Amino acid sequence: MVVKDNLRTPIVCVMGHVDHGKTSLLDMIRGSAVVSGEAGAITQHIGATEVPISAIVEKCGNPGLLDKFMVPGLLFIDTPGHHAFTTLRSRGGALADLAVVIVDINEGFKPQTIESLNILQQHKTPFVVVANKIDKIHGWNPQKGAPFMTSYNKQSEHVRGSLDTKFYEVVGELYNHGFSSDRYDRVNDFQHNIGVIPISAITGEGIPDLLMVLLGLAQRFLESNLHYNAEGPGVGTVLEVKEERGLGTTLDLILYDGVLKKGDTIVVGCLGEPIQTKVRAVLKPRALSEINVEDKFKQVSKVTAAVGVKISAPHLDGALSGGSVRVATAETLDAVVEEVRNEIEDVQIDTDQSGITIKADTIGSLEALVNELKKEDIPIRKANVGDISNRDIMEAFAIEDPFHSVIVGFNVNILPDAKEKVRSTGVKVFMNDVIYRLIDDYRDWVKEQRA
Ligand code: GTP
Ligand code: MG
């Protein structure tokens, strides 16, 4: 096998609307590898599953492929709710190297499907689309784990017709959103034409095809990104800040470049001055089957990108999801602190003289919200991370333009003492956990007020 040690594992994000089957797809990919005796080689990380190349190749049913691909494996990232993904994407540009957008073939496009596509387009991330749940098509005759064409050819003409109709609706929707696509076996260049793969995350039909296409894309990615420094200082993005019994505040993070070791000095992004601390423990979750919480993590001395890990360290309170974690040495510390500080400040968005106030739960979601509002030409006066406070209300109240005396909150709460202020000032507050709905609600309200 031509796997080189210093190659970075490509990160593959699975995205799509709620319930369209992201987790089931990953379960299927994981499970199939377990069935084929690879259990020991599969690591279940925090929100991330590392699947070694050998398991992928076996699933594709073509062992000869091992010589063809240099990819060490794929790090799949599940995205529970769309904002988590924007958080993931927000730092390092290349955090998700590739993506799978999943759409329920029976339901078609939904708001988070569209949002996923927009995010990928904005970051120029190569992706494939899977049209999931083909087994739910009326009359479907399931062929467990079969490649798509094998299964397709075993269906009655009527069922094939239903699949084609639904399939081309997906292709049509992609076209409406500016993407040219076709069934993956008719696509030559996956970076210019989106491949769409009909699958079932439950029966496994089409999964070999999906893995093959992903390997092809991953190989392309590696060829253009061999400069990644698997030996250099670790750089990662915080997924979640969590209290863990016995460990205190911990960070779940995706390390996307370099090495992170126990004892390393790290700089962590937060709302104020970046946190400087020392890694007390690097923890990797053990195999999925071990459910005992206290026993779930294994201490390791170091990890290499790309990998999902939990770390514990003193003084992590205030660390920001979506912020970065960078390893520093005595020589680089000042520069690294400066870098992390700038990354956070970049998010303190260029603001307009007058405009609405926006609040969001993470840096990633704030960025996504700002981008969407800018697309709609809605001016923003102030944008930051955190719950809606008294001060936010008072500042919004002071704005003269009634259409700007507004707070738009994504996935945040109104702090208790600010609730009363909302009532007494009459400042209009919009809150939602779907970005599009927030923007629609705001626009509808403006229209209503003007009418
Ligand atoms: P969120 O994490 O909530 O966004 O959902 P998800 O996209 O991860 O969906 P999940 O995998 O949890 O699947 C939602 C439901 O759809 C579950 O009941 C699955 O069993 C079912 N499901 C997923 N894929 C398939 C499929 O291919 N066929 C059928 N019949 N059911 C499926
Ligand atoms: Mg899920």
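Refer to the structure printed above.
Parameters and conventions
Residues numbered from 1 in each chain as written. Chains lettered and ligands numbered in written order. Predicted model: local features only at pLDDT ≥ 70, side-chain atom pairs only at ≥ 80, totals over all residues. Heavy atoms only, no water. Patch = residues over 30% accessible without salt bridge, like charges linked within 9 Å, V, L, I, M, F, W, Y side chains within 5 Å. Areas by Shrake-Rupley, 256 points an atom, 1.4 Å probe, with all protein chains shown as cover. Salt bridge = Lys/Arg side-chain N within 4 Å of Asp/Glu carboxyl O. Lys, Arg positive; Asp, Glu negative; His and termini not counted. Charge placed at Lys NZ, Arg CZ, Asp CG, Glu CD. Helix = DSSP H or I, 4+ residues; strand = E, 2+ residues; numbered from the N terminus. Pairing = 2+ DSSP bridges. Axes fitted to C-alpha atoms, helices over the stretch in contact; angles between N-to-C directions. Contact = heavy atoms within 4.5 Å. Phe/Tyr/Trp six-rings, centres within 6.5 Å; stacked < 30°, edge-to-face > 60°. Buried < 20%, exposed > 50% of the residue type's maximum accessible area, 1.4 Å probe, protein only. Lys NZ or Arg CZ within 6 Å of the ring centre and 35° of its normal.

K.L.:
Residue-level account of a negative patch on the surface, with values.
P.N.:
Together, D440, D441, D444 and E448 make up a negatively charged patch on the protein surface. Tracing the chain through its elements places D441 in helix α12 (residues 435-450).

K.L.:
Requested: an account of the sheet that holds strand β19 (residues 356-360), with residues and values cited.
P.N.:
Neighbouring strands of a sheet are bound in pairs by backbone hydrogen bonds; such pairs are parallel or else antiparallel. Spatially, the four strands line up as an open sheet ordered β20-β19-β21-β22, and their pairing is parallel. The open sheet has two free edges, formed respectively by β20 (380-385) and β22 (428-432), since each of these has just one partner strand. Across this sheet, the average inter-strand angle for adjacent strands is 15°, counted without regard to direction. Direction of pairing for strand β21 (residues 406-410) relative to β22: parallel, over a ladder of five bridges. Within β22, the residue paired with G409 across the bridge is M431. Against the sheet, α12 makes contact with β19, β21 and β22, and its axis sits at roughly 155° relative to β22, the strand it touches most.

K.L.:
If you had to explain the packing of aromatic side chains to someone new, which residues and values would you point to?
P.N.:
Scanning the entire structure with this criterion turns up seven aromatic pairs. On the basis of an interplanar angle of 75° and a centroid distance of 6.1 Å, the ring pair of F403 and W445 is categorised as edge-to-face. Residue F403 is located in the loop between α10 (390-397) and β21, and its partner W445 is located in helix α12; the two are separated by 42 residues in the primary sequence. Relative accessible area serves as the criterion here: at 17%, F403 is assigned to the buried category. Given the relative accessible area of 12%, W445 is considered buried. An aromatic cluster of three or more residues is present, and its members are F403, F430, Y442 and W445. It is R450 that lies over the ring of F403; its NZ or CZ is 4.3 Å from the centre.

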